[in-house]
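Inside the fold
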Amino acid sequence: MSDRSRTLAWLVVPVIALVVIAIGLRPSEAEPDAEARAYALGVSLKCPICAGESIASSQTDLAEDLRGLIADEIAAGSTDEQIRAMFVASYGEQVLLEPPSSGWGIALWAAPLLLAVGGGIAIYGLRRRESVVVER
Amino acid sequence: MIAILGYAAILVALAGAVGLVVTGIKASRSVDQDPAAVRMPLFALFGGGIAAAVFLEIAILTHDFSIAYVAQNSARGTPFVFLVASGWAALEGSVVMWGVLLALFSLLVWRRLWRGDGLGLGALAVMGAVSVFWFGLMATAANPFGICTEVANGVCSASSWLPVGSAVAAADGIGPNPLLANHILMAFHPPMLYLGYVGFTVPFAFGISALARSEPGKVWLDRSHRWSVLAWIFLAAGILLGGWWSYEVLGWGGYWAWDPVENAALLPWLAATAFIHSAIVQRRRSMLQAWNFVLIIVTFALTIFGTFLTRSGVIASVHAFSQSLVGPALLGLLAIVVFGSLGLFAVRANTVASAPRLDSLSSREGFLLLNNLLMTLFAFTVLFGTTFPLLVEAFTGREVSVGRPFFDRVAIPFGLILLLAIGFGSVAPWRAASPSIMWERSRFGMNVGLVAAALSVVLGVRSVPVVAVVGLAGFVIGTIAHFLLHQARRARAGDKTWPQALASTVGNDLGFWGGQLAHVGVALIAVAIATTSALAVRTEVTLVQGETAVVDDYCVEYRDAFERTEPERVVRGVRVVLYDASCTEQKAVLEPRLHEYPKFGQVIATPDVRTGLIDDVYLNIAGVDGDAVRLSVLIFPLQWLVWFGGLTILAGGIVALGRTVRGRPQAPLPEDRRDEAHV
């Protein structure tokens, strides 16, 4: 391959790849199917009688029944929020495996973010401020 | 009789541990610093520990049900492998295994000491102090040789922790927890984890010894480097085996659920990963002296914290098998480790040299620091999320849960940034990397990533996160492969053949290239995590005998049912034939089963899996309605890549070990040259 065609390949290959990705991943209006929704909901809800398992992963009879309940509610047209609210009403807030990002729940998100900022500043502070010696 | 022998062995080991602390400290401060000074207590520790484990195994294998542990955790019908494994499967046995491994590691460390090695003798004293805790626990709250004093309804109903008084024996034991005796992997997963957990005691001991002796240079890192990597490999292997077990046994098809105890194993591994990377910076550029002390203390504390979470029952988890006084004892140890080590660190802070500064953020050390930031940040987030329900309940009295949705949400951006950092960091030169050299070294990988992402789209993937991970993984693997070829081309300058050039490039820096192999493993496992979670197909079909159903690209037929009685359990299952989508070409016969354990009143659904290059088909019995069986059919694309990626990470660690094997000084180096060892 000559130098020119090599340079050309370096330009053409990524452009074609980017075009393919852009076409393939253009946003579509497809609704997630009911089974995927039911699974995602099951993952986000705690099995009330199990030790640290979600409704989606537990093998207990209750979890089995609750999976059926979620599927029925989806079939009846309830939104995810409505179904979650129904579970909170029955089993309390601890049924949610992801605490709401309000009130004290903010702390869960804020603490790691604060640490990230602090760590970034610390690393930046380690930088030598005078001239930089380049070494290959 | 065997209870008294076993208990005596524990007391011998405990005395040895105490002796090791005393003689170790004394010898490390003496003039000649002779390792022979600690020989007797060390041998007592090791011999006593081994004897205790052997006596426990004898008691289990001879079905001595007068010992409460044996009566509660094994039975006459328990298969041999699980019988042997019950020696460490439950609380007291796991403490014995911990103690034995610690004694073994102490012996191995001792064999490498030399006259005048005060640092090593101090490290042995620290290991002795940790041994005092574990053997002390064995002698009190977690004595495996407590005897059974009362039998009711054929089971041991009361026990005494001291092996004195009259023992009574039930006719048969209860047997191991069914979940633990359901799959052969359970015999190997805990020992691997323990090897990892206990292994981190060695670098911790060297770090504490260096602090106590005001020797903050990099000698302690050089001396313990191989142990850190070894413990890191074992812990990774233990986590991987645990994931595999979960996949094969738990029936919901997952290998990671962000369960508190899974997190407890991941936390020290993340901290250790940060430590191994930052140790490179200190050994190479003399930076981060203080930070490395902090990281090894945190890593060791997290191993204790993990044990505490597992064994105290403080957080509800599928792993929390037992509760006892062991929990408070572990919490006490954790407090001593954290406050004691950090206190020592504070006292010695003046001897820890101030770090030379970074020449540039864009440099090898800059990217290693970014690794440290990502790892510690992720570890903190996992730790905070895991303990958040406890904190909220303690402060507000409200009950909340933090589970998979939260951890998944933070893990995804973390993983993407990590892949990007690995790609650039792997090829960044030390001190300062000019933009032109970074571009030169990474543009090939960028093209590989773009092409890989485009290919995945062509193959039908429409999930943005999956395409992103494929692209970044392609970038990482492409960049590393390109860098290897680039270096090998330089090595070829003489008259070497390509294989020779590659071998000499890798062989000249096994530490670096082992690390790169582990990075490739991380990229592979990231792809597999993305495909198995975002592209999985999950559905349930109800079939009567002879009926078929089409699921995705497959067709399943319920052929017939079977039932057999095994010792300790009844196995009921169905034979399901797996075809291609047209229901004509037979691919496999799968046998998902229900295992019923009458003694425990427990039924465990045991899945059956057909592993393929494209995807796994995972069948589990969800329920039986009269003649019909409800089958959950799960399809996981590229599931094998999870295991293969994990094995690649382990292989990388093993390659990296090779360097220090060659570089180890055979004889003590003169004081002024010791800093140059292992470089």
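Note that this is a predicted model, so its numbers are computed, not measured. (Residues numbered from 1 in each chain as written. Chains lettered and ligands numbered in written order. Predicted model: local features only at pLDDT ≥ 70, side-chain atom pairs only at ≥ 80, totals over all residues.)

Let us look at the overall build of chain A. The number of helices and strands found in chain A is five helices and zero strands. In chain A, which comprises 136 residues, the proportion classed as buried is 22%. (Helix = DSSP H or I, 4+ residues; strand = E, 2+ residues; numbered from the N terminus. Buried ≥ 20, exposed ≤ 12 C-beta atoms within 10 Å, placed from the backbone.)

Counting its regular elements, chain B contains 19 helices and 12 strands. Over its C-alpha atoms chain B spans a radius of gyration of 27 Å, differing by no more than 12% from the 26 Å that the globule rule assigns to 679 residues. Its C-alpha atoms put chain B at 80 × 75 × 60 Å along the principal axes. A burial count over chain B gives 53% of its 679 residues as buried. Relative to all contacts within chain B whose residues are 6 or more apart in sequence, the contacts with residues 24 or more apart total 70%. (Rg over C-alpha atoms; globule rule 2.2 N^0.38 Å. Contact = placed C-beta atoms within 7 Å.)

Here we come to the interface of chain B and chain A. With 56 residues of chain B at the interface, the matching set in chain A holds 45 residues. Contributing elements (two or more residues each) for the side of chain B that touches chain A: α13 (364-396), α14 (404-427), α15 (435-458), α16 (464-491), β3 (537-543) and β11 (615-625) of chain B. Looking at which element gives the most residues to the side of chain B that touches chain A, the answer is α13(B), with 10 residues.

Residue and element names in this part refer to chain B. Taken residue by residue, chain B gives an average pLDDT of 89. The fraction at 70 or more is 94%. Mean pLDDT per element in chain B: strand β2 (residues 155-160) is the minimum at 80, and helix α2 (residues 39-61) is the maximum at 97. Here residues 660-679 is modelled with pLDDT under 50, and outside its nearest four sequence neighbours on either side it reaches 18 contacts, counting other chains as well. Interface scoring of the predicted complex returns ipTM 0.87; its pTM is 0.92. (pLDDT = per-residue confidence, 0-100.)

Bringing the environment of Lys599(B) into the picture now. Residue and element names in this part refer to chain B. Position of lysine 599 relative to the elements: it lies in the loop between β8 (593-597) and β9 (602-606). For lysine 599, a count of 15 C-beta atoms within 10 Å puts it in the partly exposed group. Separated by 424 residues in the primary sequence, lysine 599 and glycine 175 have C-alpha atoms spaced 8.6 Å apart. Apart from the residues lying within four places of it in its own chain, the contact partners of lysine 599 are Ile174 and Gly175.

Turning next to unusual backbone geometry. Residue and element names in this part refer to chain B. With phi around 60 degrees, serine 286 is a residue other than glycine that occupies positive phi space. Take serine 286: it is sitting in the loop between α10 (260-285) and α11 (289-312). Of the residues examined, serine 286 has 14 C-beta atoms within 10 Å and is grouped as partly exposed. With a phi angle near 65 degrees, leucine 288 is a residue other than glycine that sits in the positive phi range. Positionally, leucine 288 belongs in the loop between α10 and α11.

Moving on, we get to the nonpolar core. Residue and element names in this part refer to chain B. Core analysis: the biggest nonpolar cluster contains 223 residues, and Leu235 and Ala473 have the highest contact counts within it. At 17 residues, helix α9 (residues 219-249) tops the list of elements feeding residues into this core. Among residues more than four places away in sequence, those in contact with leucine 235 are Leu193, Gly196, Tyr197, Ala265, Pro268, Trp269 and Ala272. One finds Val541, Val551, Val556 and Val629 within the second-largest nonpolar core, a separate group that totals 21 residues. (Core = buried A, V, L, I, M, F, W, Y, C linked by C-beta atoms within 7 Å.)

Let us now look at the pairing of strand β12 (residues 628-637) of chain B. All names here are of chain B. Here β12 lies mainly inside the structure; seven of its 10 residues are buried. Here seven bridges tie β3 to β12, and the two strands are oriented antiparallel to one another. Considered in β12, the bridge of glutamate 540 is made with serine 632. In this sheet, β12 lies alongside β11 in antiparallel orientation, the contact comprising 10 bridges. Counterpart to tyrosine 618 in the pairing with β12 is leucine 634. From the end of β11 to the start of β12, which pair antiparallel, there are two residues, and glycine 626 there has a positive phi angle of about 60 degrees. (Pairing = 2+ DSSP bridges.)

Let's shift gears to helix α3 (residues 61-75) of chain A. Residue and element names in this part refer to chain A. Across its 15 residues, α3 extends 21 Å between first and last C-alpha, which sits within 8% of the 21 Å expected from 1.5 Å per residue. Taken together, the buried positions of α3 are occupied by Ala63, Leu66, Arg67 and Ile70. For α3, the buried positions fall inside an angular range of 105 degrees around the axis, keeping them on one side. Residues of α3 that are exposed and angled more than 90 degrees away from the buried face: Asp61, Asp65, Gly68, Asp72 and Ala75. If you follow the buried residues of α3, they end up packed against α2 (34-44) and α4 (80-91). A positive phi of about 95 degrees marks glycine 77, the residue just after α3. (Expected span 1.5 Å × (residues − 1). Arc of directions from axis to C-beta.)

With that settled, the discussion passes to the confidence of the model for chain A. On average, chain A scores 82 in pLDDT, and the residues at 70 or more come to 90%. Contacts of residues 130-136 of chain A to residues separated by more than four positions or lying in other chains number 14 contacts, the stretch itself having pLDDT below 50.

What follows is about the sheet that holds β12(B). Residue and element names in this part refer to chain B. As summarised here, the arrangement of the four strands in space is β3-β12-β11-β10, forming an open sheet in which the pairing is antiparallel. Since the sheet does not close on itself, it has two edges, and those belong to β3 and β10 (608-611), each with one partner. The mean inter-strand angle of the sheet, taken between neighbouring strand axes irrespective of direction, is 20 degrees. (Axes fitted to C-alpha atoms, helices over the stretch in contact; angles between N-to-C directions.)

So, about the environment of Ala3(B). Residue and element names in this part refer to chain B. When you line up the elements, alanine 3 lands in helix α1 (residues 2-29). Separated by 144 residues in sequence, alanine 3 and isoleucine 147 have C-alpha atoms that sit 7.4 Å apart. Excluding residues within four positions of it along the chain, alanine 3 makes contact with Ile67, Phe145, Ile147 and Pro163.

For the rest of this paragraph, the subject is the packing of α9(B) against α10(B). Residues and elements named next belong to chain B. Contact pair α9 / α10: the axes reach a minimum separation of 10 Å and the direction vectors enclose 150 degrees. With respect to α10, the element α9 is oriented roughly antiparallel. For the pair α9 and α10, the crossing hand works out as left-handed. Packed against α9, whose contacting residues are Leu221, Asp222, His225, Ser228, Val229, Ala231, Trp232, Leu235, Ala236, Gly238, Ile239 and Gly242, the element α10 presents Glu262, Ala265, Leu266, Pro268, Trp269, Ala272, Thr273, Phe275, Ile276, Ala279, Gln282 and Arg283 at the interface. (Parallel < 35°, antiparallel > 145°, perpendicular 65-115°, else oblique. Left-handed = near helix turned anticlockwise from the far one by under 90°.)

The next thing to look at is the packing of α14(B) against helix α18 (residues 510-534) of chain B. For any two helices packed against each other, one specifies the inter-axial angle together with the distance between the axes. Residue and element names in this part refer to chain B. One can describe the packing of α14 onto α18 by two numbers: an axis separation of 11 Å at closest approach and a directional angle of 150 degrees. Relative to α18, the element α14 lies roughly antiparallel. For α14 against α18, the interelement crossing comes out left-handed. Within the contact between the two elements, α14 uses Gly415, Leu419, Ile422 and Ser426 and α18 uses Gln516, His519, Val522, Ala523 and Ala526. Classifying every residue of the contact of α14 with α18 by side-chain character gives five nonpolar, four polar and no charged. (Nonpolar A, V, L, I, M, F, W, Y, C, P; charged D, E, K, R; others polar.)

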